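So the chains spell out like this:
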Amino acid sequence: MLRLIPALALTLAIAGCGGGGDKPKRTATVQPGKVVNVIAGEYFYDPGALVVTGGGKFAFEMKNEGSLAHDLKVRRGDEEIGGIKPFQGKGRSEGTTLALSPGEYEFYCSVGDHEALGMKGTLRVE
Ligand SMILES: [Cu+2]
C-alpha cells in the first residue's frame, strides 16, 4: 500500500501541470457605463480577454481569489496607463477608473514573475 502513494502523488502532479496554463481564455464584452470585472488568482485572470465598448472612462474592479497579492496594470505598447495597486486578501476587491481611447491594450500583474506565469490578458477598447 505504501508503495502506491508516491505513484499516486506523481500522477496528481502531472495532472495538475496539464490543467494550468493551457486553458483557453474567456472573453468578456463590457458595455458602456458598466464595471469591468476581473477575477485574479494564481496565476490567471478571468476573463483573460476583455472587449469594452464606447471608449472613454471605465471603472475596473478586480477581485482577488488567490492567496497571494496581485495587481492589475494596463499598458499600451510600452506606455503604462495605470491600474489597481497590489493587494492581498482572499475575496477582497479593489477598483480604479481608467480613461481609455479606442485601441489595443494589455493588462498584467506586476507582482514578482506573475506575468510570466500567466497573469496577463488583452483589452480592446472599441
Ligand atoms: Cu499576481
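Anyway, here's the lowdown on the structure attached to this text. These numbers come from a predicted model, not from an experiment.

1. What to know about a nonpolar patch on the surface
- A grouping of Tyr43, Leu68 and Leu117 is seen on the molecular surface, where their side chains present a nonpolar patch of about 230 Å² in accessible area.
- Positionally, Leu117 belongs in the loop between strand E9 (103–108) and strand E10 (120–125).

2. Side note on the sheet that holds strand E8 (residues 92–100)
- The mixed open sheet is built from four strands, whose spatial order is E3-E2-E5-E8. The open sheet has two free edges, formed respectively by strand E3 (44–46) and E8, since each of these has just one partner strand. Across this sheet, the average inter-strand angle for adjacent strands is 25°, counted without regard to direction.
- Where strand E5 (residues 56–64) meets E8, nine bridges bridge the pair, whose relative direction is antiparallel. When the bridges of E8 are listed, Phe60 appears paired with Thr96.

3. Structural notes on the pairing of strand E2 (residues 36–41)
- Here E2 runs beside E5; their pairing, made up of five bridges, is parallel. Counted as the bridge partner of Asn37 is Glu61 from E5.
- One ladder, built from three bridges, connects E2 with E3; its direction is antiparallel. Across the sheet, residue Gly41 finds its bridge partner in E3, namely Phe44.
- What sits between E2 and E3 in their antiparallel hairpin is a turn of two residues.

About the thresholds
Residues numbered from 1 in each chain as written. Predicted model: local features only at pLDDT ≥ 70, side-chain atom pairs only at ≥ 80, totals over all residues. Heavy atoms only, no water. Patch = residues over 30% accessible without salt bridge, like charges linked within 9 Å, V, L, I, M, F, W, Y side chains within 5 Å. Areas by Shrake-Rupley, 256 points an atom, 1.4 Å probe, with all protein chains shown as cover. Salt bridge = Lys/Arg side-chain N within 4 Å of Asp/Glu carboxyl O. Helix = DSSP H or I, 4+ residues; strand = E, 2+ residues; numbered from the N terminus. Pairing = 2+ DSSP bridges. Axes fitted to C-alpha atoms, helices over the stretch in contact; angles between N-to-C directions.

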